[in-house]
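Letter by letter, the chains look like this.
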Amino acid sequence: MNRKKQADIVIYGGTAAGIVAAVQAKKMGKSVIVIEPSRRIGGLTTGGLGDTDVGMKEAIGGLSLEFYRRVARKYSQDGACWLFEPKVALEVLQELVTENNIEVVYGERLDLKDGVAKEGATIVSIRMESGSIYRGRVFIDATYEGDLMGKSGISYVVGRESNAQYGETLNGIHPGNELPRGIDPYVVKGVPSSGLLLRVNPHAGGGIGDGDNKVQAYNFRMCLTNNPDNRVEIEKPEGYNEADYEILFRAIEQGQDSRFFKLNRVTADKTDSNNNSGISTDYNGMNHSYPEEDYRTREQIWQAHLLYQQGYVWTIQNHPRVPEDIRAVYREWGLPRDEFIDSGHWTPQLYVRESRRMLGDYVVTEHVVRLETQVPDSVGMGSYAMDSHHTQYYVNEEGHVSTEGGFYVRLTAPYPISYRAIVPKQTECTNLIVPVCVSATHAAYGSIRMEPVFMILGQSAAAAAALALDGDGIVQNVKIEQLHSILVQENQILYADA
């Protein structure tokens, strides 16, 4: 049914960042609508990422910290709790929605063809696929894909800048093998005419540090349990293709005997299970077109990731080419009956680690993350390592299968994130704020892209939106002193010595 709705602030994306933004908007007396394209709020925070990528705890404040404190109370713990079940995270966010009387609209997706109506540089309304129209004075794009930003005439990038562009060291093509040495790349070992294994590229696509449009790998953060009374086995999926696991079999033949996927406990009998090596739950190389695709193609990519990952787990647990001692380690784990009840106990949230990144007047680079640049207009801090998952498999100089694109560089201290990194160029749009697909290079985004930081930036985005509405409506004209005053009152951590 077509509907027309209006609010001071319209938030597209009910991720944790979007819900926190809505809470802050209501605290400042503004009307707000959250539009969530799926049937579940919280994104990765409720979607299996229960082993929080916390970085440095002293950098997390405001409603982000409040969320983790509320989680702790669910477990009768003091302080903040960084390890939790998906259902508990969902409960906390749903309580925030109820307490703050936030209107959440589920199952509405932006019309990607012509869904953004602008007058000059101002978004007037957005239209959904259903025909529903939402009018707002300020909009916040809290999606992982950055669809609203991307369809609003705002500059953005997909992929990896070259190292040369901003004088960085981690950007662009980044060789680094996280596979055992000596994996033959050909379907028939030693026979190039037999063709390359699935997903193996003949070369890296350029030199070290060259830019490209490739995106780091996606997967699902699995919540698993070894409690037999609560466990559903992961069965061999329909459409299973044994050839998709040939790199796995050959890695085992070359000596890999562990790190097939993580079993990080979030409770005594539940995990947050993530990628853990060069051949694991990430579907390397199969997501590069995802950021720019339409919904139907994205759904196909989602389904391909689901098939691969469920097939991968079944293979590790059951396949005769996997030694019995390895199978035994993983066989006791299955899906919890009491999680993701509406989606067959498997998370509906694909881990979109990186998609579009806005290109604003200010770009967060490695230099900012390494504290080599002053940031006078901080709206929150990042502190996690600069972290990218692999981007592809390719045949290296030795003629073997290698990973490419992964890095993990720890930081020594938190760093401030500029307000200018979450607002577009004023000439392009005056009333949109983007706390997730922020203006940052691939290298810097590798640190920013963590759920606590997205919540921090979501809260700051909403505070800025409210200030803009009290002024001339232009988000770029928000006085940073006023914004800082509010954020400090809200217990945001803006600088390391705060």
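You'll find the structure just up there.
Here's what I pulled together on the structure shown here. (Residues numbered from 1 in each chain as written. Predicted model: local features only at pLDDT ≥ 70, side-chain atom pairs only at ≥ 80, totals over all residues. Heavy atoms only, no water.)

1. Notes on the overall build of the protein
The secondary structure content of the protein amounts to 12 helices and 22 strands. In terms of principal-axis extent, the alpha carbons of the protein reach across some 70 × 55 × 50 Å. The buried share of the protein, taken over its 498 residues, is 62%. For the protein, the proportion of contacts with a sequence separation of at least 24, taken over those separated by at least 6, is 76%. Total accessible area on the protein is roughly 18700 Å²; 47% of this is exposed by carbon and sulfur atoms. (Helix = DSSP H or I, 4+ residues; strand = E, 2+ residues; numbered from the N terminus. Buried < 20%, exposed > 50% of the residue type's maximum accessible area, 1.4 Å probe, protein only. Contact = heavy atoms within 4.5 Å. Areas by Shrake-Rupley, 256 points an atom, 1.4 Å probe, with all protein chains shown as cover.)

2. Structural notes on a nonpolar patch on the surface
The grouping of Val187, Val188 and Val191 at the surface amounts to a nonpolar patch, some 210 Å² of accessible area in total. Topologically, valine 191 is positioned in strand S9 (residues 191-196). (Patch = residues over 30% accessible without salt bridge, like charges linked within 9 Å, V, L, I, M, F, W, Y side chains within 5 Å. Salt bridge = Lys/Arg side-chain N within 4 Å of Asp/Glu carboxyl O.)

3. Regarding the pairing of strand S18 (residues 392-395)
Side chains of S18 alternate between two faces, with Gln392 and Tyr394 and Tyr393 and Val395 buried alike. Pairing of strand S10 (residues 200-201) with S18 involves 2 bridges; the strand directions are parallel. Its bridge partner being in S18, valine 200 is matched across the sheet by tyrosine 393. Sheet topology places S18 next to strand S19 (residues 401-404); 4 bridges connect them, and they run antiparallel. Bridged to tyrosine 394 within S19 is serine 402. Hairpin remark: S18 followed by S19, antiparallel, with 5 residues in the connecting loop; positive phi at glycine 399, about 85°. (Pairing = 2+ DSSP bridges.)

4. Some thoughts on the packing of helix H2 (residues 62-74) against helix H3 (residues 86-99)
Interaxial distance between H2 and H3 falls to 10 Å at its minimum, and their mutual angle equals 115°. H3 is crossed by H2, and the crossing has right-handed handedness. Each of Phe67, Arg70, Val71 and Lys74 in H2 lies in contact with H3, whose residues at this interface are Val88, Ala89, Glu91, Val92, Leu93, Glu95, Leu96 and Glu99. Counted by class, the contact of H2 with H3 contains 7 nonpolar, no polar and 5 charged residues. (Axes fitted to C-alpha atoms, helices over the stretch in contact; angles between N-to-C directions. Left-handed = near helix turned anticlockwise from the far one by under 90°. Nonpolar A, V, L, I, M, F, W, Y, C, P; charged D, E, K, R; others polar.)

Take it as geometry only, folks, not as evidence of what the structure does.
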